[in-house]
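Structural overview for review
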Amino acid sequence: MFTLIAMGTSVAYLYSVAATLLPQIFSASFSGMDRSMGGRPHVYFEAAAAIVTLVLLGQVLELRARSQTSSAIRGLLDLSPKMARLMSENDSEDGYEIERDIPLEEVKPGDRLRVRPGEKIPVDGVVLDGSSVVDESMITGESIPVRKTAASHVIGATVNGNGSLVMRAERVGSETMLARSCRW
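Given the structure is predicted, the values throughout are model-derived calculations rather than measurements.

For the rest of this paragraph, the subject is the overall build of the protein. When its secondary structure is counted, the protein shows 4 helices and 9 strands. Along the protein, helices and strands appear, N-terminal first, in the series α-α-β-β-β-β-β-α-β-β-β-β-α. Expressed as a percentage of the 184 residues in the protein, the buried residues total 29%. By element, 61% of the accessible surface of the protein is carried by carbon and sulfur atoms, the whole surface being about 11,600 Å².

Shown next, in the form of structure tokens:
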């Protein structure tokens, strides 16, 4: 694109320079009026300058929009939680499960996670137990929370409502819906 613009504006500029300095080398058909009436060939300095100006303005606006988009994407990625509550089997005789907070980077597909009321869902997955409503507006734009029960799919970084959920992680890290939607 820039090659074509450069060629077009360069030819228009060089033609205009030649038409200004050496108007006699052009035939009468190039002028808007008869040469006997003082007609000169048309020049295109303004058109070439306007095209270059508009292209440069377009580049500035594109860079500005790209910068704002990058900051918005970074903001979306910052919405994801930094910790997840991992549920694991206890080795003792009582059979109780142990819950502990781990960094989000340590979550693997297949891990069982608990999402308490008001917390953000750490990764994409499937609800195994519990029921709640989840605010998915950051992904879908829908303002009404969606009811989630066993076998429902949940999206990472969305906000759990007033119920507790036990979920199985399916997509983690760069494979979550949020991370995939932020790629460019």
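So, next bit.
What follows deals with the pairing of strand E5 (residues 132-135). The side-chain alternation of E5 yields one buried face, formed by Ser 132 and Val 134, and one unburied face, formed by Val 133 and Asp 135. Sheet analysis places E5 next to strand E6 (residues 146-148), joined by 3 bridges and oriented antiparallel. Bridging from a neighbouring strand, Val 133 pairs with Arg 147 of E6.

Another point: the nonpolar core. Counting 16 residues, the largest nonpolar core has Val 107, Leu 113, Ile 121, Val 123, Met 167 and Ala 169 as the members making the most contacts within it. Mapped by element, the contributors of at least two residues to this core are strand E1 (83-89), strand E3 (112-115) and strand E9 (165-171). Per-element accounting of this core gives the leading share, 3 residues, to E9.

Among the structural elements, Val 43 can be located in the loop between helix H1 (2-21) and helix H2 (45-78). Residues contacting Val 43, with those up to four places away along its chain left out, are Ser 16, Ala 19 and Thr 20.

All right, on to the pattern of salt bridges then. All told, the structure shown has 8 salt bridges when counted by the stated rule. For Arg 85, the salt bridge is made with Asp 101, and the minimal N-O distance between the two is 3.1 Å. Of this pair, Arg 85 sits in strand E1 while Asp 101 sits in strand E2 (residues 97-103), and the two are 16 residues apart along the sequence. A relative accessible area of 42% means that Asp 101 is categorised as partly exposed. Across the pair Lys 148 and Glu 136 runs a salt bridge whose closest N-O atoms are separated by 3.0 Å. Of this pair, Lys 148 sits in strand E6 while Glu 136 sits in the loop between E5 and helix H3 (137-140), placing them 12 residues apart in sequence. Residues Lys 148 and Glu 136 agree in their burial class; the two are buried. When salt bridges with common partners are traced through the structure, they connect Arg 85, Glu 99, Asp 101 and Arg 114 into a single cluster.

Inspection of the secondary structure puts Thr 176 in the loop between E9 and helix H4 (177-181). Judged by its relative accessible area of 10%, Thr 176 is buried. Taking the C-alpha atoms as reference points, Thr 176 and Ile 155, 21 residues apart in sequence, are found 7.6 Å from one another. Beyond its immediate stretch of four places on either side in the chain, Thr 176 contacts Val 123, Asp 124 and Arg 171. At 3.3 Å, the side chain of Thr 176 and the backbone oxygen of Gly 173 are in polar contact.

Turning our attention to a nonpolar patch on the surface. Together, Leu 21, Leu 22 and Ile 25 make up an exposed nonpolar region whose accessible area comes to about 320 Å². By the secondary structure assignment, Leu 21 is in helix H1. On the accessibility criterion, Leu 21 (64% relative accessible area) is exposed.

Now for unusual backbone geometry. Backbone geometry at Ala 151 places phi at a positive 80 degrees, although glycine is not the residue there. Position of Ala 151 among the secondary structure elements: in the loop between E6 and strand E7 (153-154). Taking the relative accessible area as the measure of exposure, Ala 151 reaches 59% and is therefore exposed. The backbone of Ala 157 sits at a positive phi, close to 80 degrees, despite the residue not being glycine. In this structure Ala 157 comes out as buried when scored by relative accessible area, which is 2%.

How each quantity is defined
- Residues numbered from 1 in each chain as written.
- Predicted model: local features only at pLDDT ≥ 70, side-chain atom pairs only at ≥ 80, totals over all residues.
- Heavy atoms only, no water.
- Helix = DSSP H or I, 4+ residues; strand = E, 2+ residues; numbered from the N terminus.
- Buried < 20%, exposed > 50% of the residue type's maximum accessible area, 1.4 Å probe, protein only.
- Areas by Shrake-Rupley, 256 points an atom, 1.4 Å probe, with all protein chains shown as cover.
- Pairing = 2+ DSSP bridges.
- Core = buried A, V, L, I, M, F, W, Y, C linked by side-chain atoms within 4.5 Å.
- Contact = heavy atoms within 4.5 Å.
- Salt bridge = Lys/Arg side-chain N within 4 Å of Asp/Glu carboxyl O.
- Polar contact = N/O pair within 3.5 Å; in protein donor to acceptor, adjacent residues only side chain to side chain.
- Patch = residues over 30% accessible without salt bridge, like charges linked within 9 Å, V, L, I, M, F, W, Y side chains within 5 Å.

Worth remembering: the numbers are spatial, not functional.
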